[in-house]
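Breakdown of the fold
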Amino acid sequence: MLTTQLRRLGRSLLTRMGVAAGAKVRPQGLKAVNIAFVDLLKGVMPHNEAMEIAIGGNFAEIGALELALVRHYGLPRDGRLIDVGCGSGRLAKPLSEWMTGSYLGLDLVPDLIAHAKSIAARPDWRFEVVDHINIPDLDGVADMVCFYSVLTHLQHEQSYWYLEEARRVLKPGGRIVFSFLELCQPVHLQIFRDTVELAKQGAVAPMNTFIDRGTIEVWADELGMEILDLRGGSDAITAEGALGQSICVLGKPH
Ligand SMILES: C[S@@+](CC[C@H](N)C(=O)[O-])C[C@H]1O[C@@H](n2cnc3c(N)ncnc32)[C@H](O)[C@@H]1O
């Protein structure tokens, strides 16, 4: 999670990255902020390390958890997965060894997409850069659309817009799996407190967003989708353990 990883980086590094008070130039807009954050990391650490830290680190461990969850929630091995905000390939890498079907990975940041494409090493898969909120695919083609630690960095209207896009590209019976932060989880509340501190320092970093379950219920109603599962971040849903972020699974009617 971004705030956790920023805290780990330490204050002197934050200052070098320009996230401490006094940073003069603030990037504007979703894409610019995400690119600026990756560029700042690239400026203070080796490229490959920056690619992993930019999306939250713990690459192998979280990647295995993310894969276990899409499998647990019914992704067919030979199906089609769209991974929105795929970052540098934390899921794509382990998925590439299991999945025989097709995959579309989307992200705002060209460097992250290039890294994901390279480590997944699947010439048959698509990796594409998007500019704002967009799933460049046909209606009704995907078995599952996942958003791991993505709606955690969007405004609510942007998240809902993406969920509409996801519903459009899903086959009847297809599923959306998204992770989220909620203030009722003690660990997420600490992230909120850290986020307040970073805001006071004028941090150049993607924002953190918290979604309550009542909001998800309204979104599901508006989308005409069913909430198939809703789990707290400390729940070990699979044998691999708990993801840390809470999980919601929405089903598109048949
Ligand atoms: C915390 S990272 C998580 C990456 C990946 N899902 C994972 O779990 O390893 C969030 C990612 O979402 C991407 N992102 C943020 N807003 C996006 C948007 N509107 N469209 C596509 N990607 C977005 C960021 O660039 C970043 O790579």
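How each quantity is defined
Residues numbered from 1 in each chain as written. Predicted model: local features only at pLDDT ≥ 70, side-chain atom pairs only at ≥ 80, totals over all residues. Near = placed C-beta within 6 Å. Helix = DSSP H or I, 4+ residues; strand = E, 2+ residues; numbered from the N terminus. Nonpolar A, V, L, I, M, F, W, Y, C, P; charged D, E, K, R; others polar. Domains from an automatic or database assignment. Expected span 1.5 Å × (residues − 1). Buried ≥ 20, exposed ≤ 12 C-beta atoms within 10 Å, placed from the backbone. Arc of directions from axis to C-beta. Pairing = 2+ DSSP bridges. Axes fitted to C-alpha atoms, helices over the stretch in contact; angles between N-to-C directions.

So, on to the site of the ligand. In the region of the ligand, 24 residues are neighbours, and Gly85, Gly87, Arg90, Tyr148 and Ser149 sit closest. For the shell around the ligand, the elements supplying multiple residues, two or more each, are α3 (30–44) and β2 (102–107). Of the residues assigned to the shell around the ligand, the class counts are 14 nonpolar, seven polar and three charged. For the shell around the ligand, the domains that each give at least three residues are domain 1 (2–55 + 189–193) and domain 2 (59–184 + 208–251).

Residue alanine 121 is not a glycine yet carries a positive backbone phi of 50°. Note on placement: alanine 121 falls in the loop between α7 (110–120) and β3 (126–129). Within the chain, serine 149 stands out as a residue other than glycine whose phi angle is a positive 55°. Position of serine 149 relative to the elements: it lies in the loop between β4 (142–147) and α8 (156–169).

Further remarks concern helix α9 (residues 186–200). For α9, built from 15 residues, the straight-helix expectation of 21 Å at 1.5 Å per residue is met to within 8% by its first-to-last C-alpha distance of 22 Å. Residues of α9 that are buried include every one of His188, Ile191, Thr195 and Leu198, and no others. Down the axis of α9, the buried set is contained in an arc of 65°. They therefore lie on one face. Every exposed residue of α9 that faces more than 90 degrees away from the buried side is listed here: Pro186, Arg193, Val196, Glu197 and Lys200. Positive backbone phi, at 70°, marks glycine 202, one or two positions downstream of α9.

With that out of the way, let us pick up the sheet that holds strand β6 (residues 226–231). An order of β3-β2-β1-β4-β5-β7-β6 is seen for the seven strands of this open sheet, with the pairing classed as mixed. Both outer strands of the open sheet, β3 and β6, are each paired with one neighbouring strand and no more. Adjacent strand axes in the sheet meet at a mean angle of 15° when their direction is disregarded. As defined by bridge partners, β4 adjoins strand β5 (residues 170–180) across five bridges and the pair is classed as parallel. From the neighbouring strand, phenylalanine 147 faces β5, where its bridge partner is phenylalanine 178.

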